[in-house]
Amino acid sequence: MRLLIVEDETRLADGMKRGLEAEGFAVDIAANGVDGLWLAEQQPYAAILLDLMLPGYSGFEVCRRLREQDNWTPVLVLTAKDGVFDQVEALETGADDFLTKPYAFAILVARLHALIRRGTSPRPPVLRVGDLSLDPATRRVERGGASIDLTAREFAVLEFLFRRPGEVLGKRAILDGVWDFEFDGDPNIVEVYIRHLRNKIDRPFGRASIETLRGAGYRLHDDRP
């Protein structure tokens, strides 16, 4: 099985290559994000080992671009960046697993075997209600082909509505589905985010796809003329 290592630290990349070849893998190396993306587009790999801090394209950008092309080769991110937000961003841009440097080589091999056993994950379907679409993989929202920028929380609320089209959802259901179960703030925060969403996905397009049912909740429906 062939692997791709995208790593700009030459000694580290060469060391991984030797170790993985001893485990029976064939290994290619790219020293920057641009070359790494090109190789990943040209060659079917069993898995990609991807550093985050790269010249050219960052690891985040490489992973995002691959997923946008429907390339679902398993990606194991290897990085010295151990912050929670870096891990979250890597996973949300399409990475399958995360390993912080320094790591034991045996753990690296075990993680690779686990990813390869799982195989290439299918791309999550794009959700659609009328001409409004939401892509869970790339976290993009569009109305009639026009891109709409949402915050992470706005996206989460809209995705919750998208996954239950036509269903009336009360504030408590939305809070439980999007916020922490232990959330004890004002439940009217849901109204705030519904208003934000309407201002972004409906009003600029002359639509009213998020419907309010007084005393019951909210419903997402096809509001095309």
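Residues numbered from 1 in each chain as written. Predicted model: local features only at pLDDT ≥ 70, side-chain atom pairs only at ≥ 80, totals over all residues. Heavy atoms only, no water.

### Points about the packing of aromatic side chains
No. 1: Following the criterion strictly, the structure yields 0 aromatic pairs and no others.
No. 2: Looking at R65, its charged tip hangs above the ring of Y57, at a distance of 4.2 Å from the centre.
No. 3: The ring of F160 has R164 lying over it, and the distance from NZ or CZ to the ring centre is 4.0 Å. (Phe/Tyr/Trp six-rings, centres within 6.5 Å; stacked < 30°, edge-to-face > 60°. Lys NZ or Arg CZ within 6 Å of the ring centre and 35° of its normal.)

### Here's the deal with the sheet that holds strand β9 (residues 146-148)
No. 1: Here 4 strands make up an open sheet; going across it, the order is β6-β7-β8-β9 and the pairing antiparallel. The sheet terminates laterally at β6 (127-129) and β9, the two strands that pair on one side only. In this sheet, adjacent strand axes meet at a mean angle of 25° when their direction is disregarded.
No. 2: Packing of helix α6 (residues 152-162) onto the sheet brings it into contact with β6, β7 (132-135) and β8 (140-143), and relative to β7 it is tilted by some 110°. (Pairing = 2+ DSSP bridges. Helix = DSSP H or I, 4+ residues; strand = E, 2+ residues; numbered from the N terminus. Axes fitted to C-alpha atoms, helices over the stretch in contact; angles between N-to-C directions. Contact = heavy atoms within 4.5 Å.)

### Some remarks on the packing of helix α1 (residues 10-22) against helix α5 (residues 105-118)
In a packed pair of helices, the relevant descriptors are the angle between the two axes and the axis-to-axis distance.
No. 1: Orientation of α1 relative to α5, taken along the N-to-C sense of each, is 65°, at an axis distance of 11 Å. Here the hand of the crossing between α1 and α5 comes out right-handed. On α5, the residues that touch M16, G19 and L20 of α1 are F105, L108, V109 and L112.
No. 2: For the contact of α1 with α5, the residue count by class is 6 nonpolar, 1 polar and no charged. (Left-handed = near helix turned anticlockwise from the far one by under 90°. Nonpolar A, V, L, I, M, F, W, Y, C, P; charged D, E, K, R; others polar.)

### Describing the nonpolar core
No. 1: Judged by nonpolar contacts, the single largest core of 25 residues is most densely connected at V157, F162, I174, W179 and I210.
No. 2: Listed by contribution, the elements that provide at least two residues to this core are β6, β7, α6, α7 (171-178), α8 (189-202) and β11 (217-220).
No. 3: The biggest single contributor to this core is α6, with 6 residues.
No. 4: Residues V6, L66, A95 and F98 belong to the second largest nonpolar core, which totals 19 residues. (Core = buried A, V, L, I, M, F, W, Y, C linked by side-chain atoms within 4.5 Å. Buried < 20%, exposed > 50% of the residue type's maximum accessible area, 1.4 Å probe, protein only.)

### Considerations on the packing of α6 against α7
No. 1: Contact geometry of α6 with α7 gives a least axis separation of 10 Å together with a crossing angle of 120°. Comparing their axes, α7 and α6 come out oblique. Crossing of α6 over α7 shows right-handed handedness. Taking contact as the criterion, the partners of R153, A156, V157, F160 and L161 in α6 are, on α7, A173, I174, G177 and V178.
No. 2: For the contact of α6 with α7, the class distribution of residues is 7 nonpolar, 1 polar and 1 charged. (Parallel < 35°, antiparallel > 145°, perpendicular 65-115°, else oblique.)

### Let's talk about the UniProt feature "modified residue: 4-aspartylphosphate" (unreviewed entry) in the protein chain
No. 1: According to UniProt, the feature "modified residue: 4-aspartylphosphate" (unreviewed entry) maps to D51 in the numbering used here.
No. 2: Along the polypeptide, D51 turns up in strand β3 (residues 47-51).
No. 3: Here D51 falls in the buried class, since its relative accessible area comes to 5%.
No. 4: Among all residues touching D51, those that are not within four sequence positions of it are V6, E7, D8, G59, L78, T79 and K101. (UniProt positions renumbered as here; feature names shortened; annotations may be inferred.)

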